[in-house]
Amino acid sequence: MKAAVIVFPGSNCDRDLSVAFERATGQPTTMVWHKDANLPQGLDIVAVPGGFSFGDYLRCGAIAARSPIMRAIVDFAGRGGHVLGICNGFQVLIESGLLPGALMRNADLKFVCRDVHLKIENTESPFTSAYGNGGVIRVPVAHHDGNYIAPDETLSALRAEDRIAFTYCKANGSAGDNPNGSMGNIAGILSPNRRVLGMMPHPERLNDGALGGTDGQRMFEGLVRSMAPA
Amino acid sequence: MKARVFVTLKNGVLDPQGAAIAHALGTMGFEGVEGVRQGKVIELDLAETDAVKAEATAREMCEKLLANTVIENYRVEIA
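What you see as residue numbers is a count from 1 along each chain, following the sequence as written. To label them, take the chains in the order written and letter them from A, then take the ligands in the order written and number them from 1. Note on the predicted model: pLDDT of at least 70 is required for a residue's local features to be given, and 80 or more for side-chain atom pairs to be given and counted; whole-chain, interface and lining totals, by contrast, use all residues.

**Q** Which residues make up the interface of chain A and chain B, and what values do they have?
**A** Interface size is often expressed as the accessible area that is lost when the parts come together. On the side of chain B, eight residues touch chain A, which itself brings ten residues to the contact. The classification used treats Ala, Val, Leu, Ile, Met, Phe, Trp, Tyr, Cys and Pro as nonpolar, Asp, Glu, Lys and Arg as charged, and all other residues, Gly among them, as polar. When the residues that make up the side of chain A that touches chain B are grouped by side-chain class, the tally is six nonpolar, one polar and three charged. Any pair of residues counts as being in contact when their C-beta atoms, constructed from backbone geometry, are within 7 Å of one another.

**Q** How would you sum up the pairing of strand β2 (residues 30-33) of chain A? Please name residues and give values.
**A** Residues and elements named next belong to chain A. Pairing between two strands is assigned when DSSP locates at least 2 bridges connecting them. Each helix is a run of H or I in the DSSP string that is no shorter than four residues. Each strand is a run of E no shorter than two, and both are numbered from the N terminus. In the sheet, strand β1 (residues 3-7) pairs with β2 via four bridges, with the strands oriented parallel. Residue pairing for β2: V5 is matched across the bridge by M31. For the crossover from β1 across helix α1 (residues 14-25) to β2, the handedness is right-handed. A clockwise course of the path from the first strand over the helix to the second, judged with the strands pointing away from the viewer, identifies a crossover as right-handed.

**Q** Could you give an account of the sheet that holds β1(A), with specific residues and numbers?
**A** All names here are of chain A. On the basis of which strands lie adjacent, the open sheet formed by nine strands has the order β2-β1-β3-β4-β11-β10-β9-β6-β7 and mixed pairing. Strands with a single pairing partner mark the edges of an open sheet, and in this sheet they are β2 and β7 (136-143). Each strand axis lies, on average, 25° off the axis of its neighbour in the sheet, ignoring direction. Pairing of β1 with strand β3 (residues 45-48) involves three bridges; the strand directions are parallel. Its bridge partner being in β3, A4 is matched across the sheet by V46. Fitted lines through C-alpha atoms give the axes, limited to the stretch in contact for helices. The angle between two N-to-C directions lies from 0 to 180 degrees. Lying over the sheet, α1 contacts β1, β2, β3 and β4 (82-86), oriented at roughly 175° with respect to β1.

**Q** Provide a residue-level description of the packing of α1(A) against helix α5 (residues 217-227) of chain A, including the pertinent values.
**A** The angle between the axes and the distance between the axes are what describe a pair of packed helices. All names here are of chain A. Where α1 contacts α5, the two axes come as close as 9 Å, and the packing angle between them is 50°. Comparing their axes, α5 and α1 come out oblique. Here α1 runs over α5; the crossing is right-handed. Where α1 approaches α5, its residues A20, F21, R23, A24 and T25 are matched on the opposing element by Q217, F220, E221, L223 and V224. Across the contact of α1 with α5, the residue classes tally to six nonpolar, two polar and two charged. Geometric relationships in this document are graded by angle, where less than 35 degrees denotes roughly parallel, more than 145 denotes roughly antiparallel, 65 to 115 denotes roughly perpendicular, and other angles denote oblique. Each helix crossing is assigned a hand: it is left-handed if the near helix lies turned anticlockwise from the far helix by less than a right angle, otherwise right-handed if that turn is clockwise.

**Q** Explain the environment of A:G26 to me, and be specific about the residues and the numbers.
**A** Relative to the elements of secondary structure, A:G26 occurs in the loop between α1 and β2. Separated by 25 residues in the primary sequence, A:G26 and A:M1 have C-alpha atoms spaced 9.0 Å apart.

**Q** Outline the nonpolar core, listing residues and values.
**A** Among buried residues, those of type Ala, Val, Leu, Ile, Met, Phe, Trp, Tyr and Cys that are joined through C-beta atoms within 7 Å form a set called a nonpolar core. With C-beta atoms placed from the backbone, a residue counts as buried when 20 or more other C-beta atoms lie within 10 Å of its own, as exposed when 12 or fewer do, and as partly exposed for counts between those limits. Counting 70 residues, the largest nonpolar core has A:V83, A:L93 and A:L118 as its most contacted members. Ignoring sequence-local partners within four residues, the contact set of A:L93 consists of A:V48, A:V83, A:G85, A:L98, A:L99, A:V196 and A:G198. Ranked by size, the runner-up nonpolar core spans seven residues in total, among them B:A3, B:A58, B:L66 and B:A67.

**Q** Lay out the environment of A:D145 in plain terms, naming residues and giving numbers.
**A** Residue and element names in this part refer to chain A. In this fold, D145 is placed in the loop between β7 and β8 (147-149). For D145, a count of 21 C-beta atoms within 10 Å corresponds to the buried category. Here D145 is in contact with C60, Q91, L103, M104, R105 and N106, once residues within four sequence places are set aside.

**Q** Report on α1(A), specifying residues and quantitative values.
**A** Between the first and last residue of a helix there are one fewer steps than residues, each counted as 1.5 Å, and that sum is the expected span. Taking 1.5 Å of rise per residue, the twelve residues of α1(A) would be expected to cover 16 Å, and the 16 Å separating its terminal C-alpha atoms lies within 8% of that figure. Against the buried residues of α1(A) lie β1, β2, β3, β4 and α5 of chain A.

**Q** Can you explain unusual backbone geometry? Please cite residues and give values.
**A** Residue and element names in this part refer to chain A. Non-glycine residue D56 carries a positive phi angle of around 60°. Residue position: D56 is located in the loop between β3 and α2 (68-78). One non-glycine residue with positive phi stands out, namely R194, at about 65°. You can see R194 is positioned in the loop between β10 (186-190) and β11 (196-199). Given 18 C-beta atoms within a 10 Å radius, R194 is considered partly exposed.

**Q** Break down the sheet that holds strand β1 (residues 2-9) of chain B for me, citing the residues and quoting the values.
**A** What holds strands together in a sheet is hydrogen bonding between their backbones, with the strands either parallel or antiparallel. Residue and element names in this part refer to chain B. Read across the open sheet, the three strands follow the order β2-β1-β3; overall the sheet is antiparallel. Here the strands that pair on one side only, and so sit at the sheet edges, are β2 (39-45) and β3 (72-78). Here the strands of the sheet are splayed against their neighbours by 20° on average, with no regard to which way each runs. Of the strand pairs in this sheet, β1 and β3 are connected by seven bridges, and their pairing is antiparallel. Its bridge partner lying in β3, V7 is registered against Y74.

Encoded structure:
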């Protein structure tokens, strides 16, 4: 599996994401600068990392979403390419129109930085296939604007099409412990073809026992398996 | 020609920052504040001299970048 990570001015999870992919794939991750108008040939997945692209000016992810590389990423997704957006990357994917809804300031107005529990709502995607349905994983969040909101008809469509990948939950899997006030405890959503995932939590930050857990790394390993030639 | 763009949250979209401002005003002794909605003002200095065209351009800017029309409304004033 060939992965690329996009780098914007203000990205700060790009190296972590690169390491997570390299550990799973056994090959180097390509880093792509935001001013490039084209993606490298032969990519399987493009990842948009967390951070504070363009200083979160105007709205989180708004400026990055209009950068040259994002036009290439929208085309790539349109051709069936896999795209992963984490934290600020999720905000960028929403601002670019690849995923619906909006991410607003956290309901309590505070930056939240701690481990959360996520319920796996859908294992029928390359991103979540490594996890058991209804299972609970632990990964960190670190954001100020993760409060997912969408019109009722969008939320209904996400539910009807089984496109909610993760929801915030308590350690025992019951609903609650939502760190940002998001509608329906939503932590991550999928595109209609389930090849684009946006999520606020950071799986790349729990990819080694020395960091306190490996729940995050399973996503990257699952991606590699799901894309392996049959 | 100057254009002033007002971006505000749509009705029904929770505004936690507005709620925090309302709370602070209450604690400062300002009574009777029944609601606060906050937003942003963007001032554009445009080379265009035709007010109709300037407004159309500013509105296009709102649709494509300045406002997130999922959650925000915008209003353009030409001066």
